[in-house]
Protein chains: 2
Amino acid sequence: MAKDRKIDLVILGLLAHEDLTGYDIKKYIDGSIRFFWKGSFGSIYPALSDMEMQGLVKRKKSDNSGGREKIAYHLTKKGEDALKAWLKEEKVSNELKYETLLKLYFGGVEDRSVTIRNIELFEENIKQNLEILKVYKSNLEKVLDEEDHLYYYLTVTFGIDTYEAYLKWCTKSKKLLKK
Amino acid sequence: MAKDRKIDLVILGLLAHEDLTGYDIKKYIDGSIRFFWKGSFGSIYPALSDMEMQGLVKRKKSDNSGGREKIAYHLTKKGEDALKAWLKEEKVSNELKYETLLKLYFGGVEDRSVTIRNIELFEENIKQNLEILKVYKSNLEKVLDEEDHLYYYLTVTFGIDTYEAYLKWCTKSKKLLKK
DNA sequence: TTTTGATATATCGTTTTGATACATAATGCC
DNA sequence: GGCATTATGTATCAAAACGATATATCAAAA
C-alpha cells in the first residue's frame, strides 16, 4: 500500500466484500460512506492501477457482454493482509474541514443575523441527513443478526447521535445569539 | 480570492483581527482552530503570495530589529469584502475524513476485539480533547461581554457537545460489541 | 427519434499534505 | 561558558486529492 494514500483503505475495505469497478467504488463512497468519507474519480482510478501493480488487487476478466469495457477488481491475499494490518494500527487520525465552524469562528466581522442564518442552513442540512440515517437504522435493525450489519449499524448510530447533538446545539446557540 | 482555495478563508478571517506572518497563521491553525480545520505551510505561504498579488492582503514593512526576515500581512479593504462575501454565501460544505468510522465500517473483516480496541483509542483521544475544550470554555465565560468571544465560545460549546455525544456512543457501542 | 440520464474509464490543472531544508534567536542545563 | 535543544520563520518539493471535464456506450423516456 502506498505510504500516504488514504483512498487505498476505502478500496481495500469495499473489495473485501465483493468485486467492484472504479465506478462502483465511487457509488459506494457517494452513498452510505459519504457521511464520514469522500473520494473522487481522480483518486480512485490511479489508485486502482497502482494497487494492481503492487499486487493488492487483481483485475478480473472484463465482462464483454455488449462491448463496453468494464474493469472489476478483486482483493488478493496481500490486499486482505494490508486491510487487516491497517485495522490494527493503533492510531487515531480524523481530519475535518468544518466550514460551518470556520464561519462561526469568524462571525464577529459581520452582523449576528449572518451567523444565525448560517446556523439555520447547517441545521436544515443536518435534519435532512438525519432523516436518511434514521431510515438506514430501521432497515439495519431488521438484519442485525448478520455480523457485518452490526458494524454498519454502529456507524449509523454514531451519525444519528452526533447529528442530534448538533441540532440541540443549534437551538441553544440561536437562542443565545438572539438575546 | 482563488476559486477553489479554502485556505484563503482561514487567512482572511485571522487577518481581520490582527496582522500576522505565515508562521503566526500556522500557530493559530494548530491551536484553537485545529478542532475544526487544518492547514500546512505548503498551502499557507503560496496562498499569501498569491493573495498579495490579488490585492487581498498587503505586506507590511519587515520588522528588522535583529536581522531575521519576518513578513507580516495586513488585510486590505478588498480582502475584508471577500471575507464578508464568503460569510454570506448560503451553502454548507463540511468535509470530513473519519478514519475511525472507516475502520468501524470495515470492522467485520476482523475480530470484534479489534473494533473494541479502536473505539477505546478514539475514546481516549476524545477525552483528552474534551478536557482542553472545557478549559477554553471556562476561560471564555469570564470574558463573554466582548462580542468576538461569544463566537469563540459557540465553537467551543459545539465541540464539547459533540465530544460528549461521541463518548456516550463509545460506551453504548462497546457494550453492544461485548454482548 | 431524439435527448436525457446512468454507466464507465480516464486525464488535467489546481490545491493540499506532509516532510524537509535552511537559518537565526532564545532557552535550558551540565 | 559552552552546548544542545527548542522556538521562530520562510520556502519548496513530491505525492496525493479535488473537482471538473472529456469520451463513449446504453437504456429509457419524451
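Residue positions are given per chain, counting from 1 as you read along its sequence in written order. Labels follow written order: the first chain is A, the first ligand is 1, and so on. The predicted origin of the model limits local features to residues at a pLDDT of at least 70 and limits the giving and counting of side-chain atom pairs to 80 or more, whereas totals for whole chains, interfaces and linings rest on all residues. Derived side-chain values reflect all non-hydrogen atoms in the structure, with water molecules and hydrogen atoms excluded from consideration.

Visitor: Please clarify how the relation of the copies chain A and chain B should be interpreted in this entry.
Guide: Both copies of the chain are related by a screw-like operation: a rotation about an axis and a shift along it. Mapping chain A onto chain B calls for a screw motion: a turn of 180 degrees about the axis and a shift of 0.0 Å along it, with 0.0 Å RMSD after fitting. Classification of the inter-copy transformation places it as that of a two-fold axis. Distance from the rotation axis, computed per C-alpha, reaches its smallest value in chain A at L96 of chain A: 2.1 Å. Here, two residues are considered to be in contact whenever any of their heavy atoms come within 4.5 Å of each other. In this assembly the copies share their binding face: 100% of the residues contributing to the interface of chain A also contribute to that of chain B. The fit set for superposing copies consists of C-alpha atoms from residues with pLDDT of at least 70 in both; the fit itself is least squares.

Visitor: Could you clarify how one ought to interpret the protein's contact with DNA strand C in this entry?
Guide: Here a residue counts as near a molecule or strand whenever at least one of its heavy atoms sits within 4 Å of it. In the vicinity of DNA strand C, 26 residues are found, and the nearest of them are Y45 and I71 of chain A together with R5, K6 and K38 of chain B. The separation between a phosphate oxygen of DNA strand C and a polar side-chain atom of K97 of chain A is 2.9 Å. A distance of 2.5 Å is found between a phosphate oxygen of DNA strand C and a side-chain nitrogen or oxygen belonging to K38 of chain B. For the surface near DNA strand C, the elements supplying multiple residues, two or more each, are α2 (22-30), α3 (41-53) and β4 (94-98) of chain A together with α3 (41-53) of chain B. Secondary structure follows DSSP: runs of H or I at least 4 residues long count as helices, runs of E at least 2 residues long count as strands, and numbering of each begins at the N terminus. The biggest single contributor to the surface near DNA strand C is α2 of chain A, with four residues. Any pair of nitrogen or oxygen atoms within 3.5 Å is treated as a polar contact; in protein, a donor-acceptor pairing is required on top of that, and neighbouring residues in sequence qualify only through side-chain atoms on both sides.

Visitor: How should the sheet that holds strand β2 (residues 57-59) of chain B be read in this particular structure?
Guide: As a general point, the strands of a sheet are linked pairwise by backbone hydrogen bonds and lie either parallel or antiparallel. Residues and elements named next belong to chain B. In space, the three strands of this open sheet follow the order β1-β3-β2, with antiparallel pairing throughout. The sheet is open, and its two edges are formed by β1 (20-21) and β2, each paired on a single side. Here three bridges tie β2 to strand β3 (residues 72-75), and the two strands are oriented antiparallel to one another. In the sheet register, K58 faces β3, and the bridge partner there is H74. Each pair of strands is called paired provided DSSP finds at least two bridges between the two strands.

Visitor: Where do I start with the interface of chain A and chain B in this structure?
Guide: How big an interface is tends to be stated in terms of accessible area lost as the parts join. On the chain B side, the residues contacting the 67 residues of chain A number 67 residues. Two parts placed together each lose some accessible area under a 1.4 Å probe, and the buried area is that loss summed for both. Contact between chain A and chain B buries roughly 7400 Å² in total, counting both sides, with carbon and sulfur atoms accounting for 67%. Salt bridges are identified by distance alone: a Lys or Arg side-chain nitrogen within 4 Å of an Asp or Glu carboxyl oxygen. Put simply, chain A and chain B have twelve salt bridges between them. Inspection of the region where chain A meets chain B yields 32 residue pairs in polar contact (both at pLDDT 80 or more).

Visitor: Just to check I follow, could you spell out the packing of helix α6 (residues 112-141) of chain A against helix α7 (residues 147-178) of chain A for this structure?
Guide: The description of two helices packed together rests on the angle between their axes and the distance between the axes. Residues and elements named next belong to chain A. Where α6 contacts α7, the axes come no closer than 8 Å and their chain directions differ by 155 degrees. When the axes of α6 and α7 are compared, the pair comes out roughly antiparallel. Here α6 runs over α7; the crossing is left-handed. Only Asp, Glu, Lys and Arg are considered charged, only Ala, Val, Leu, Ile, Met, Phe, Trp, Tyr, Cys and Pro nonpolar, and every remaining residue, Gly among them, polar. For the contact of α6 with α7, the class distribution of residues is 19 nonpolar, seven polar and ten charged. Axis definition: a line fitted to C-alpha atoms, over the contacting stretch in the case of helices. Angles run 0 to 180 degrees between N-to-C directions. Should an angle fall under 35 degrees it is called roughly parallel, over 145 degrees roughly antiparallel, and 65 to 115 degrees roughly perpendicular, with every other angle called oblique. Handedness of a crossing follows from how the near helix is turned relative to the far one, being left-handed for an anticlockwise turn of less than a right angle and right-handed for a clockwise one.

Visitor: Got a minute to help me understand a nonpolar patch on the surface in this structure?
Guide: Residues and elements named next belong to chain A. A cluster of nonpolar residues, Y23, F41 and Y45, forms a patch on the protein surface that exposes about 310 Å² of accessible area. Mapped onto the elements, Y45 comes out in helix α3. On the basis of relative accessible area, Y45 is assigned to the partly exposed category, the value being 40%. Within this analysis, patches are made of residues with over 30% relative accessible area and no salt bridge. Like charges are joined at 9 Å or less; nonpolar side chains (Val, Leu, Ile, Met, Phe, Trp, Tyr) at 5 Å or less. Calculation of accessible area relied on Shrake-Rupley with a 1.4 Å probe; when residues are assessed, cover is drawn exclusively from the protein chains displayed. Classification of residues uses two cut-offs on accessible area relative to the type maximum, computed with a 1.4 Å probe and protein chains only: under 20% is buried, over 50% is exposed, and between them is partly exposed.

Visitor: Help me understand the domain arrangement of chain A, please; the structure alone is not making it clear to me.
Guide: Residue and element names in this part refer to chain A. An automatic or database domain assignment supplies the start and end points of every domain. Domain boundaries in chain A define domain 1 (6-88) and domain 2 (99-177). The C-alpha-based centres of domain 1 and domain 2 are spaced at 29 Å. Each partner contributes residues to the interface: domain 1 has six residues there, and domain 2 has eight residues. Interface area, domain 1 with domain 2, both sides summed: about 470 Å², of which 60% is carbon and sulfur. Looking only at domain 1, the three residues that lose the most surface to domain 2 are H17, R34 and F35, adding up to 78% of its buried area. Taken together, domain 1 and domain 2 are joined by zero salt bridges. By residue class, the composition of the side of domain 1 that touches domain 2 is two nonpolar, three polar and one charged.

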